[in-house]
Amino acid sequence: MQRGADFLGSEVAILGGAMSWVSERNLVAAISNAGGFGVIACGAMTVDLLDREITATRALTDRPFGVNLITMHPDLMALIEVCGRHGVGHVVLAGGLPPKGSLEAIKATGAKVICFAPALSLAKKLIRSGVDALVIEGMEAGGHIGPVSTSVLAQEMLPEIAAELPVFVAGGIGRGEAIAGYLEMGAAGVQLGTKFVCATESIAHPNFKKAFLRASARDAVASVQIDPRLPVIPVRALKNAGGELFTAKQREVALSLDEGGVAMAEAQLQIEHYWAGALRRAVIDGDVEHGSVMAGQSVGMVKREEPTAAIIAELMDEAAAALERRAG
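A brief structural summary. (Residues numbered from 1 in each chain as written. Predicted model: local features only at pLDDT ≥ 70, side-chain atom pairs only at ≥ 80, totals over all residues. Heavy atoms only, no water.)

With that settled, consider the side chain of Glu53. Summarising the element assignment, Glu53 is placed in helix H3 (residues 47–60). Judged by its relative accessible area of 7%, Glu53 falls in the buried class. Not counting chain neighbours up to four residues away, the residues in contact with Glu53 comprise Glu24, Arg25, Ile40 and Met45. (Helix = DSSP H or I, 4+ residues; strand = E, 2+ residues; numbered from the N terminus. Buried < 20%, exposed > 50% of the residue type's maximum accessible area, 1.4 Å probe, protein only. Contact = heavy atoms within 4.5 Å.)

Shown next as structure tokens:
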């Protein structure tokens, strides 16, 4: 894990998963202050909003933190420029292959680039393109997910790429024993999102936190794609009426495609904006029935609301004890 910590500039190589509306200044600063590495979820933020969020986070911590940018954001290059102006040391690109010129723009600011690699072939392509680190995230994760489990991705990819650059494993991690296992396989660290939602410093609505505390792993289900012409990346969230609303939204967007009302790129953006709005309803307004309660399958291991520092300390104690047991 020291390799990952050195890369991030943190005490321990635990990345905070970027969760829209949840991973804002308070939780991000708390993770970094506790020795981990907080990451601001830019999501659908405007350039001005991200500018203010970075400034506000800096006021709460003097430790390193990163910013997660969505590759399909229409103002991606301007957002990169804001990160550069603030001297953000690590930019995480999510949501697909980096658009032309984006990697170069980030590196020109002096920042390190972290990308998601849901398959070995994509990981190798990203390494060739010059990314500095990778996150391999399995389908147990909350939010947008791929089709393969974390354990399979780790077995397939770590032996092939871990020697070339730091690789962080994500998806379904809820205990330190799992962290120890992935470190033994060659990971430089891990990324956790669901585990931090019920942190004391998290601004998530009490209703949102209560939904997490009541849920089991099987309550966190993946959304269904309605129209094959509209490739929707599945989203994992707790079962509720909001899932049915998303199905209706897909039908509405597919009809617009049929009628020529929207182009494919715009259709996909509409889906993204739907999730941003539905997530806000749940996280900020507390409407956990009609909003989107994005959660990973590790939600069943979230047992109580507690300080971020306690969460990280417990994970590290569990990981250390597991490695000591294995060492005999």
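That covers the picture; the talk isn't over yet.
This brings us to the packing of aromatic side chains. Tallied over the entire structure, the rule returns three aromatic pairs. The ring centre of Trp21 lies 5.2 Å from the NZ or CZ of Arg280, which sits over that ring. (Phe/Tyr/Trp six-rings, centres within 6.5 Å; stacked < 30°, edge-to-face > 60°. Lys NZ or Arg CZ within 6 Å of the ring centre and 35° of its normal.)

It is worth spelling out helix H8 (residues 176–184) at this point. Of the residues making up H8, those classed as buried are Gly176, Ile179, Ala180, Gly181, Tyr182 and Leu183. Check the buried side of H8 and you find it contacts strand S1 (14–16), helix H7 (150–161), strand S8 (167–170), strand S9 (189–192) and helix H12 (308–327). Downstream of H8 by a residue or two, Gly186 has a phi angle that is positive, lying close to 120°.

Further remarks concern the pairing of strand S6 (residues 133–137). Taking burial as the measure, the five residues of S6 include four buried ones, the bulk of the element. Across four bridges, the pairing between S6 and S8 is parallel. Across the sheet, Ile136 pairs through a bridge with Val169, a residue of S8. (Pairing = 2+ DSSP bridges.)

Let us look at the environment of Ala178. Inspection of the secondary structure puts Ala178 in helix H8. In the structure, Ala178 is positioned 129 residues away from Leu49 in sequence and 36 Å away in space, judged by C-alpha atoms.

With that settled, the discussion passes to the nonpolar core. In terms of nonpolar packing, the biggest core is built from 90 residues, with Leu50, Leu69 and Leu134 touching the most fellow members. When residues of this core are assigned to their parent elements, the largest contribution, eight residues, is made by helix H11 (residues 264–283). With residues up to four places along the chain from it excluded, the contact list for Leu69 reads Cys42, Leu50, Leu76, Leu79, Ile80, Cys83, Val91, Val92, Leu93 and Ala94. (Core = buried A, V, L, I, M, F, W, Y, C linked by side-chain atoms within 4.5 Å.)

If you walk across this open sheet you meet the eight strands as S1-S9-S8-S6-S5-S4-S3-S2, and the pairing is parallel. On the outer flanks of this sheet lie S1 and strand S2 (39–41), each paired with one strand and no other. If you compare each strand with its neighbour and ignore which way they point, the axes differ by 25° on average. Packing against the sheet, H3 makes contact with S2 and strand S3 (66–70), and its axis sits at approximately 150° to S2. (Axes fitted to C-alpha atoms, helices over the stretch in contact; angles between N-to-C directions.)

What follows concerns the packing of H8 against H12. With their axes 7 Å apart at the nearest point, H8 and H12 run at an angle of 55° to one another. As judged from the angle between their axes, H8 and H12 are oblique. Where H8 crosses over H12, the two elements pack in a sense that is right-handed. Judged by residue contacts, Gly176, Glu177, Ile179, Ala180, Gly181 and Glu184 of H8 engage Leu315, Glu318, Ala319, Ala322, Leu323, Arg325 and Arg326 from H12. Split by residue class, the contact of H8 with H12 holds six nonpolar, two polar and five charged. (Parallel < 35°, antiparallel > 145°, perpendicular 65-115°, else oblique. Left-handed = near helix turned anticlockwise from the far one by under 90°. Nonpolar A, V, L, I, M, F, W, Y, C, P; charged D, E, K, R; others polar.)

Let's shift gears to the sheet that holds strand S11 (residues 235–238). Across a sheet, strands are paired by hydrogen bonds formed along the backbone, either parallel or antiparallel in direction. Taken in spatial order, the three strands make up an open sheet running S7-S11-S10, and their pairing is antiparallel. A strand with exactly one partner marks an edge of an open sheet, and here the two such strands are strand S7 (143–144) and strand S10 (220–222). In terms of strand pairing, S10 meets S11 through three bridges, oriented antiparallel. By the bridge assignment, Ala222 is partnered in S11 with Arg236.

With respect to the secondary-structure elements, Gly101 resides in the loop between strand S4 (90–94) and helix H5 (102–108). Judged by its relative accessible area of 28%, Gly101 is partly exposed. C-alpha separation for the pair Gly101 and Ile271, spaced 170 residues apart in sequence, amounts to 25 Å.

What follows concerns the side chain of Asn68. Mapping Asn68 onto the fold places it in strand S3. Judged by its relative accessible area of 7%, Asn68 is buried. The residues touching Asn68, leaving out its near neighbours within four places in the chain, are Ala18, Val39, Ile40, Ala41, Cys42, Gly43, Val92, Ala94 and Phe116.

Here we take up the pairing of strand S5 (residues 112–116). Counting buried residues along S5, four of its five residues qualify, which places the element largely inside the surrounding structure. Alignment of S4 against S5, held across four bridges, turns out to be parallel. Residue Leu93 lies in a different strand from S5, and its bridge partner there is Cys115. Handedness of the crossover joining S4 and S5 through H5: right-handed. Sheet topology places S5 next to S6; three bridges connect them, and they run parallel. Each bridged residue has a counterpart across the sheet, and for Ile114 the counterpart in S6 is Ala133. (Right-handed = clockwise from strand over helix to strand, strands pointing away.)

Turning our attention to the packing of helix H10 (residues 241–258) against H11. Viewed as axis vectors pointing N to C, H10 and H11 meet at an angle of 160°, and their least axial separation amounts to 10 Å. Between H10 and H11, the interaxial angle falls into the category roughly antiparallel. Crossing angle aside, the handedness with which H10 passes H11 is right-handed. Seen from H10, the contacting residues are Gly242, Leu245, Phe246, Lys249, Gln250, Val253 and Leu257; seen from H11, they are Met264, Ala267, Gln270, Ile271, Tyr274 and Trp275. The class makeup of the residues in the contact of H10 with H11 is nine nonpolar, three polar and one charged.

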